Amino acid sequence: MFTPRRLIIAATVFAMLSGCAQNPYNQQGEVQAPAEGGMSKTAKYGALGALAGAVAGAAINHDNRGKGALIGAAVAGAASAGYGYYVDKQEAELRRSMEGTGVQVQRQGDNINLIMPGNITFATNSADIASNFYTPLNNLATSFKQYDQNNIEVVGHTDSTGSHQYNMNLSQQRAQSVANYLMAQGVNGARVSSRGMGPDQPVATNANEAGRSQNRRVEIKLTPIPGAQAPQQ
C-alpha cells in the first residue's frame, strides 16, 4: 500500500511524465525531433504546471495528501500542457503566414510578440496604413479570429526625431490605425487595445539612421485571456 509520502512522490513523477506529452511540431508546423534535453516548450510548461498542481493538491486535501497530489498533478498538468500546445500551434501558423512580409514573430512563454517595422506599415509622418501592408494585416486578422484566446495589444513606437509630444501622438495614431483595421476585419474589439510609446522604448540607438529605422515600429502583443480555456485541438 502506498503511504501518503509515497503517493506524493508518485505524483511528482507523474507531473514530470505529464509534461513529456510533447508537441510534435516545430515552428513551421513540421514534425520535430525532441528538443535538446528531451523536452519541448509544451512539455516544460506541462511538467511545471503538473508539479505545482501536485503540491497544491496535497496542501488542499489534508485527509489524503497523496490522493490530492495525484489529482492536482493530473488537472494542472493537462491544463498547462494544453495551453502550451495551443500557443505552439498559433505561433507556427503566424510564422507561416508572416513569412516574407518583414514581420518578426517572437515567443516568450505563453506570450507572442509581432514586430512590424515602420517602413512596411506607414509612410513617413503618416498614420495611414501602407497599401502593401493590407494583405499581412488581413492574414493576422484571420489568425486572431481562429486563435481567439489572446488579448491583443497594439503598441506604436517612433524614433526620437522631432518633439516628444509629436512622436507620442503619431505612435498612438499608428497603433490605433492597426487596431481599427483588425476590428474592421472582424476581430473582437473586446480583445483589442492600443497605446503609443513614442520614442520611450527604443530597441536600438537613435544616433544613426539604421538604429532609428529599427525604433520606428508597431508591435502586437498577444497574451492569454485570464481564465480562458484552450480549445481542444
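Anyway, here's the lowdown on the structure attached to this text. Every chain is numbered independently, its residues counted from 1 as its sequence is written. pLDDT decides what is reported in this predicted model: residues at 70 or higher carry local features, side-chain atom pairs at 80 or more are listed and counted, and totals for whole chains, interfaces and linings draw on all residues regardless. Only hydrogens and water are removed before side-chain values are computed, so all heavy atoms of the structure are retained for them.

### Here we look at the pairing of strand S2 (residues 111–117)
Next, step 1: Between buried and exposed lies partly exposed: a residue is buried under 20% and exposed over 50% of the maximum accessible area for its type, with that area taken using a 1.4 Å probe on protein chains only. Helix and strand definitions here come from DSSP, where helices need a minimum of 4 consecutive H or I residues and strands a minimum of 2 consecutive E residues; each element is numbered from the N-terminal end. Among the seven residues in S2, six count as buried, and that is most of the element.
Next, step 2: Two strands pair under a simple rule: DSSP has to find at least two bridges between them. In the sheet, strand S1 (residues 104–108) pairs with S2 via five bridges, with the strands oriented antiparallel. Within S2, the residue paired with Gln-108 across the bridge is Asn-111.
Next, step 3: Of the strand pairs in this sheet, S2 and strand S5 (residues 217–224) are connected by six bridges, and their pairing is antiparallel. Of the residues in S5, the one forming a bridge with Pro-117 is Arg-217.

### A few points about the pattern of salt bridges
Next, step 1: Here a salt bridge means any side-chain nitrogen of Lys or Arg lying within 4 Å of a carboxyl oxygen belonging to Asp or Glu. Evaluated as defined, the whole model comprises ten salt bridges.
Next, step 2: For Glu-91, the salt bridge is made with Arg-107, and the minimal N-O distance between the two is 2.6 Å. Taken together, the positions of Glu-91 in helix H3 (residues 65–98) and Arg-107 in strand S1 put the pair 16 residues apart, joining distant regions of the chain. In this structure, Glu-91 and Arg-107 share a single accessibility class: buried.
Next, step 3: Among the ionic pairs, Arg-217 bridges to Glu-219, the shortest N-O distance being 2.7 Å.
Next, step 4: Judged by its relative accessible area of 5%, Arg-217 falls in the buried class.
Next, step 5: With relative accessibility at 6%, the residue Glu-219 sits in the buried group.
Next, step 6: Ionic contacts of the salt-bridge type, sharing partners, join the residues Asp-88, Glu-91, Arg-95 and Arg-107 into one network.

### Things to note about unusual backbone geometry
Next, step 1: For Asn-125, which is not a glycine, the phi torsion comes out positive at approximately 60°.
Next, step 2: Inspection of the secondary structure puts Asn-125 in the loop between helix H4 (118–121) and helix H5 (134–146).
Next, step 3: Taking relative accessible area as the criterion, Asn-125 reaches 53% and is therefore assigned exposed.

### Things to note about the packing of aromatic side chains
Next, step 1: Each pair of aromatic rings taken from Phe, Tyr and Trp, with Trp reduced to its six-membered ring, is defined by centres within 6.5 Å and is described as stacked if the planes are under 30 degrees apart, edge-to-face if over 60, and tilted in the remaining cases. Tallied over the full model, the rule gives two aromatic pairs.
Next, step 2: Aromatic pair Tyr-134 and Tyr-181: ring centres 5.1 Å apart, planes at 45°, arrangement tilted. Of this pair, Tyr-134 sits in helix H5 while Tyr-181 sits in helix H6 (residues 164–184), and the two are 47 residues apart along the sequence.
Next, step 3: For Tyr-181, a relative accessible area of 17% puts it in the buried group.

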